[in-house]
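The primary structure of each chain is shown beneath.
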Amino acid sequence: MNQMELSVPYDNGYEPEDYMLQEDEWDRDLLLDPAWEKQQRKTFTAWCNSHLRKAGTQIENIEDDFRNGLKLMLLLEVISGERLPKPDRGKMRFHKIANVNKALDFITSKGVKLVSIGAEEIVDGNVKMTLGMIWTIILRFAIQDISVEETSAKEGLLLWCQRKTAPYRNVNVQNFHVSWKDGLAFCALIHRHRPELIDFQNLKDDPLGNLNLAFDIAEKHLDIPKMLDAEDILSTPKPDERAIMTYVSCFYHAFAGAEQAETAANRICKILGVNQENEKLMEDYERLASELLEWIRRTIPWLENRAAEKTMIEMQRKLEDFRDYRRMHKPPKVQEKCQLEISFNTLQTKLRISNRPAFMPSEGKMVSDITSAWQGLDQAEKGYEEWLLTEIRRLERLDHLAEKFRQKATNHETWASGKEEILSRKDYESASLMEVRALLRKHEAFESDLSAHQDRVEQIAAIAQELNELDYHDVASVNQRCQSICDLWDQLGTLTQKRREALERTEKLLETVEQLFLEYAKRSAPFNNWMEGAMEDLQDMFIVHTIEEVQTLIAAHEQFKSTLPEADAERQAILGIQQEVLKISHSYGIHGDLTNPYRTITTEEIAIKWDKVKKLVPQRDSALQEELARQHGNERLRRQFAAQANLIGPWIQTRMEEIGRCSMAMEGTLEDQMTQLKQYEHVIVSYKQNIDKLEGDHQLIQESLIFDNKHTNYTMEHIRVGWELLLTTIARTINEIETQILTRDAKGISQEQMNEFRSSFNHFDRKKNRAMDSDDFRACLISMGYDLGEVEFARIMMLVDPNTSGVVSFQSFIDFMTRETADTDTAEQVIGSFRILAADKVCVCVGYIIYLTSKFLRTVFWSSHILSICVICCLLCLVQPYILADELRRELPPDQAEYCISRMPPYSGPGALPGALDYTAFSTALYGESDL
């Protein structure tokens, strides 16, 4: 430290005019204004006594009581806390000079070079020199260390006064003389720090009263001795600056503890505010996670319910409910899941930045648990949709088969109606030979008809069997009806056999049979059966799913139409037989009953059925053409969906690749990356209308019962999964960049450092999946200068990979590197802040009591043995590690004070007062494994 020569010494590089005048000016001031000397005498004497009373002594006359040097040395020892050389005990002049020189040498050793002040002047009682020496001591030990915003001591003390009195309109501190004459500045300092001591609002314009009030309160409540007289201050136009500065410095030191407490309280408030904000984020995460998991828990059983409905309408209603779930209920939950992941990452980043332990959600509410539950939801959703479509296909098939069964059963029952009664008749017993032959031929025709119906009965039974296998809901009535048909069929077969046997026995008694009628009957019955079969086929329901299937039906129908000319020729031949009978009867004049006894169908019936067949042919044409048109429409829907899907699928993949490249790019700052990602996000959000349009086309496809599409490999499920993944990826990537920015700014990491971290990670991310395995991570650390042993590397892996997944993500790598390069607040800093707030509780120092109460101070002080005891006892005088609730409420805002009180454990150490709280345990818990 440079030493400067001053008439009144000072140190530390301050300008002389900051503290004192030159020697000539000092002499002139004292000669011209005795009032200043009086003020300095009183102030300096009171200041010295405020320190000497700690040693159990005082001075009465400042120029006389320091002449032997003993009290001067004692004063320096008290204010410096250091031991001076042993004084000379003699009373001779040279003994006094030696003691004063020891004191002046000590002052010089503190970096102050004394000029024009010698021991002889002090021993001779030179008032000017004595006051100058005391002012030097005051500057060095009471004012020099005061500095506010890097100002000099005097300016720092003045700035402190200005800040503390700024809220008081009638106080304007500009200097250390006239600004203090009205007493309001002294009163404002006291009121600012101890408002209960002064009713400042009701102070009157009474300088004398205000000064005395401030001096009395300072002496009584603040342990600041009265260093000035109000009358002396008011009697001079300009009070002594040194006296005012000395007195004000005592106020500064008296309130320094409050300043420390305020600083400590602000630090604690900041830390507690961070903790409260983090707790709020934890509570929000727990609540959102619980709500999302509860929704998934309620939804999965609904999707896993495979209770099939009995009708197509009910199953289509279920499909519509599932579409509503896809369109309206699930998308908000996708956003909630994404937001939950973002909130979790942001919270963990804030905890890392504030040096807090990582947040561990309640059991079952980790992000991985939510992801697992969501995967279960997706799996159940996929299975439910597949089941719905399969069940609708089954019901469609069942409805078709049931209707076909009813048509064939009705036709067969209509045909079989009355047959049992006819076969049971014994009309042949009273019939003539011709009638018997007619009955026999008629029975043969019936057998032919019966044989033709055998295939129809087998078809009915086969359809019933298929309905049973497909679990048709009304299968009981189907089985009952089928059984009735089969039973009647067996009965008809038995009756037919019996009747044939009876007719054949009777036939031997009968001879004549009308051959033409017999031929008519034989040919008309199969033709009638053919027409009935044709009508059934023409009215048969059909179900197809492709254009090819419709075209196959059309080809079959065209083939049938090609047989109509041959059938018409057969019809003409059958009708020709009847015409031949009429011709013979007319030719040979046969009269009588010309009714053909063998026929089962009349010519009129053949004509009616033939007309019906001809009408059904164009109707079948129309139905097939309508179905062909519908299948063409379905094909257009397939192509329309495929065209969009084939564009959207690659578009989503391209965006995913762009986002991946952007997140790992090295060009530009993080803000540039954020800007580009926001642009991608805007493009993606704008693209949502294409997804919605594709959803609309998909709904049309499902409503049209289209189950496959050969024009694209993309299903709506693929597009949905890709779209949800794209939304999640862009949101997660933006959050990662935000987290990196937050980490960079909070930790003071430069953009160059961040780029270096990213470059290192990209280099060792060999699989380019934004993760390094343990070997790559070790190589990365070694490349960055880390000297890694197995134990140290295992410790680092526990930090970056707490779940032991075997890989290190980019975010974990960034967090580790920022922790390595930045400082954060610690538990020790918080404990130190609480210690300041609790600093007024100290143990009783026995040595200090001995030191104060000793009547033989010098003997005790200079006794090395007793002094050692005092030092040891003073070292034992430590601040107790606890604090009281009232102190927290006094120093902290109400909400944060109550926050501490509710969470601090009781202090159970020695000397604890009732209600004492352990702030050390509380501070440690803030940075360790706890529920705070």
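Residues numbered from 1 in each chain as written. Predicted model: local features only at pLDDT ≥ 70, side-chain atom pairs only at ≥ 80, totals over all residues. Heavy atoms only, no water.

Draft legend 1. Main features of the confidence of the model for the protein chain. Of the residues in the protein chain, 86% have a pLDDT of 70 or more, and the chain-wide mean is 79. Of the regions scoring below 50 in pLDDT, residues 588–592 engages in 3 contacts with residues more than four places distant in sequence or in other chains. (pLDDT = per-residue confidence, 0-100. Contact = heavy atoms within 4.5 Å.)

Draft legend 2. View of the environment of Tyr384. Here Tyr384 lies in helix H13 (residues 367–416). Judged by relative accessible area, Tyr384 falls into the buried class, the value being 2%. Sequence separation between Tyr384 and Asn305 is 79 residues; the distance between their C-alpha atoms is 8.0 Å. In this structure Tyr384 touches Trp302, Leu303, Asn305, Arg306, Lys318 and Phe322, once residues within four positions along its chain are discounted. (Helix = DSSP H or I, 4+ residues; strand = E, 2+ residues; numbered from the N terminus. Buried < 20%, exposed > 50% of the residue type's maximum accessible area, 1.4 Å probe, protein only.)

Draft legend 3. Here's a closer look at the packing of helix H8 (residues 184–193) against helix H9 (residues 207–221). Interhelical geometry of H8 versus H9 gives an angle of 35° and a closest axis separation of 8 Å. The handedness of the crossing between H8 and H9 comes out as left-handed. Where H8 abuts H9, its residues Leu184, Phe186, Cys187 and Ile190 lie against Asn210, Leu211, Ala214, Phe215, Ile217 and Ala218. The class makeup of the residues in the contact of H8 with H9 is 9 nonpolar, 1 polar and no charged. (Axes fitted to C-alpha atoms, helices over the stretch in contact; angles between N-to-C directions. Left-handed = near helix turned anticlockwise from the far one by under 90°. Nonpolar A, V, L, I, M, F, W, Y, C, P; charged D, E, K, R; others polar.)

Draft legend 4. Representation of the side chain of Glu279 in the model. If you trace the backbone, Glu279 turns up in helix H11 (residues 241–304). Classification of Glu279 as buried rests on a relative accessible area of 12%. Engagement of the side chain of Glu279 in a polar contact is seen with the side chain of Arg903, the distance being 3.2 Å. (Polar contact = N/O pair within 3.5 Å; in protein donor to acceptor, adjacent residues only side chain to side chain.)

Draft legend 5. Highlighting the nonpolar core. Trp47, Ile134, Ile137, Phe176, Trp180, Phe186 and Phe251 are the most contacted members of the largest nonpolar core, which totals 79 residues. Broken down by element, this core gets its largest block of residues, 11 residues, from helix H6 (residues 127–143). Once you skip the residues sitting within four places of it in the chain, Trp180 turns out to touch Cys161, Val173, Asn175, Ala185, Phe186, Leu189, Leu211, Ile244 and Val248. Within the second largest apolar cluster, 47 residues are counted, among which are Phe641, Ala645, Leu677 and Tyr687. (Core = buried A, V, L, I, M, F, W, Y, C linked by side-chain atoms within 4.5 Å.)

Draft legend 6. Focus on the pattern of salt bridges. Tallied over the full model, the rule gives 58 salt bridges. The partner of Arg41 in a salt bridge is Glu37, and the shortest N-O contact between them spans 3.2 Å. Placement of the pair is Arg41 and Glu37 together in helix H2 (residues 34–52), with a separation of 4 residues, close to one helical turn. By relative accessible area, Arg41 is classed as partly exposed at 24%. The class for Glu37 is partly exposed, based on a relative accessible area of 21%. (Salt bridge = Lys/Arg side-chain N within 4 Å of Asp/Glu carboxyl O.)

Draft legend 7. Summary view of the packing of aromatic side chains. Going through the model one piece at a time under the given rule, you end up with 32 aromatic pairs. Note on Trp180 and Phe186: the rings are 4.8 Å apart at their centroids and 55° apart in plane angle, and the pair reads as tilted. Taking the relative accessible area as the measure of exposure, Phe186 reaches 0% and is therefore buried. Look at Trp415 and Phe446: their rings are 6.0 Å apart centre to centre, the planes differ by 0°, and that puts the pair in the stacked class. Of this pair, Trp415 sits in helix H13 while Phe446 sits in helix H15 (residues 433–469), and the two are 31 residues apart along the sequence. The pair formed by Trp415 and Phe446 is uniform in burial state, with each residue classed as buried. When the ring centre of Trp415 is taken as origin, the NZ or CZ atom of Lys419, which lies over that ring, is 5.1 Å away. The residue whose ring lies beneath Arg778 is Phe793, and the NZ or CZ to ring-centre distance is 4.1 Å. (Phe/Tyr/Trp six-rings, centres within 6.5 Å; stacked < 30°, edge-to-face > 60°. Lys NZ or Arg CZ within 6 Å of the ring centre and 35° of its normal.)

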